[in-house]
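The lines below spell out each chain.
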Amino acid sequence: MDFRYELVMPNEGLPFRLFIFEGREGNYKVTKHWHQSVELFLVLKGAIGFYINSRYFPLGEQEFIIVNSNEIHSIDSPDPNETIVLQIPAEAFADYQQNAPYISFGRGKEPARRSLAKLMQEMYKTYEEKEYGYLFKVKGLFYQLLYLLVTEFKEEKLDEESIRQKRQLDRLSQVTAYMEAHYQEDIRLEEVAGRFGFSPTYLSRMFQKYAHVNYRTYLLDLRVQYAVREMANSDRDMGDIAMDHGFPDGRSFAKAFKKRYGCLPSVYRKNLQLSQE
């Protein structure tokens, strides 16, 4: 659904963001995107398909995955599921980077994985119940989880190519943030490249090499993403929604939508409405 740099906003009163994955009803996709936060997905019920840098990871019940800062990832959620998502700002690990520009976490051993999954579940339960003093408890659990990450999951050294990719994605993040703010307009590659001091060829290569998509595909994905959000929560005419989100007409939106979702927008909306009854 989206391919972009994602700005992660913490929950109120907490130094992280904790929530249930929005694709819990199934028939949901999140296409390639990245962010500077470290992200953990823990499946409680059902299953989801996860991709990191195009490598596929099927996640079943009580399985989780760690997404490192500036790792390109996407999610396929065809069936109902219940998945906890924890997003941790990269600066939480600043004291443990050992003069490296980035920190990275690996799979970890099984006992540590069980402990981490248990902590995530307890954090979410505490946060949802919101009993007196819950913020102290959930923060305490969070710092236990951080300790577990840096002692049991931290990778000692990143290879040069990984560091190079993360640096380029930092630069690309500035571009995609601008595009997200102006996606409804007729923003061309040449204009955006010039605004950030790049040549069109160089910016095009950045998208292809580090984000594995071309500029136009990214822009269309962005427009589809926002159109789908409105379509799912509105009874407005599909053509009006399409034009409000940068498409010249309903036909061009339908074509872009079908390429990404495998069906027409009207069918998707109908199925979504039926699932909510």
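### Section: the overall build of the chain
So, step 1. What the chain contains, in helices and strands, is 9 helices and 8 strands.
So, step 2. Since a compact globule built from 277 residues should have a radius of gyration of about 19 Å, the 20 Å found for the chain is in line with a globular shape.
So, step 3. On the principal axes, the C-alpha backbone points of the chain span a range of 55 × 50 × 35 Å.
So, step 4. Taken over 277 residues, the chain has a buried fraction of 51%.
So, step 5. Accessible surface, the chain as shown: approximately 14,600 Å² in total, 49% of it carbon and sulfur.

### Topic: the nonpolar core
So, step 1. In this structure, Ile88 and Leu149 are the most contacted members of the largest nonpolar core, which totals 34 residues.
So, step 2. Secondary structure elements with two or more residues in this core: strand E1 (17–20), strand E3 (38–45), strand E6 (64–67), strand E8 (82–88), helix H1 (110–129) and helix H2 (134–153).
So, step 3. At 10 residues, H2 tops the list of elements feeding residues into this core.
So, step 4. Residues within four places of Leu149 in sequence aside, it is in contact with Ile66, Ile88, Phe93, Phe105, Leu116 and Lys154.
So, step 5. Residues Ile72, Ile187, Tyr210 and Tyr226 belong to the second largest nonpolar core, which totals 24 residues.

### Examining the pairing of E3
Regular strands place side chains that alternate from one sheet face to the opposite one.
So, step 1. Among the 8 residues in E3, 7 count as buried, and that is most of the element.
So, step 2. The pairing of E3 with E8 spans 7 bridges and is antiparallel. What sits directly across from Glu39, in E8, is Gln87.
So, step 3. The pairing of E3 with E6 spans 4 bridges and is antiparallel. Counted as the bridge partner of Phe41 is Ile65 from E6.

Definitions and limits used
Residues numbered from 1 in each chain as written. Predicted model: local features only at pLDDT ≥ 70, side-chain atom pairs only at ≥ 80, totals over all residues. Heavy atoms only, no water. Helix = DSSP H or I, 4+ residues; strand = E, 2+ residues; numbered from the N terminus. Rg over C-alpha atoms; globule rule 2.2 N^0.38 Å. Buried < 20%, exposed > 50% of the residue type's maximum accessible area, 1.4 Å probe, protein only. Areas by Shrake-Rupley, 256 points an atom, 1.4 Å probe, with all protein chains shown as cover. Core = buried A, V, L, I, M, F, W, Y, C linked by side-chain atoms within 4.5 Å. Contact = heavy atoms within 4.5 Å. Pairing = 2+ DSSP bridges.

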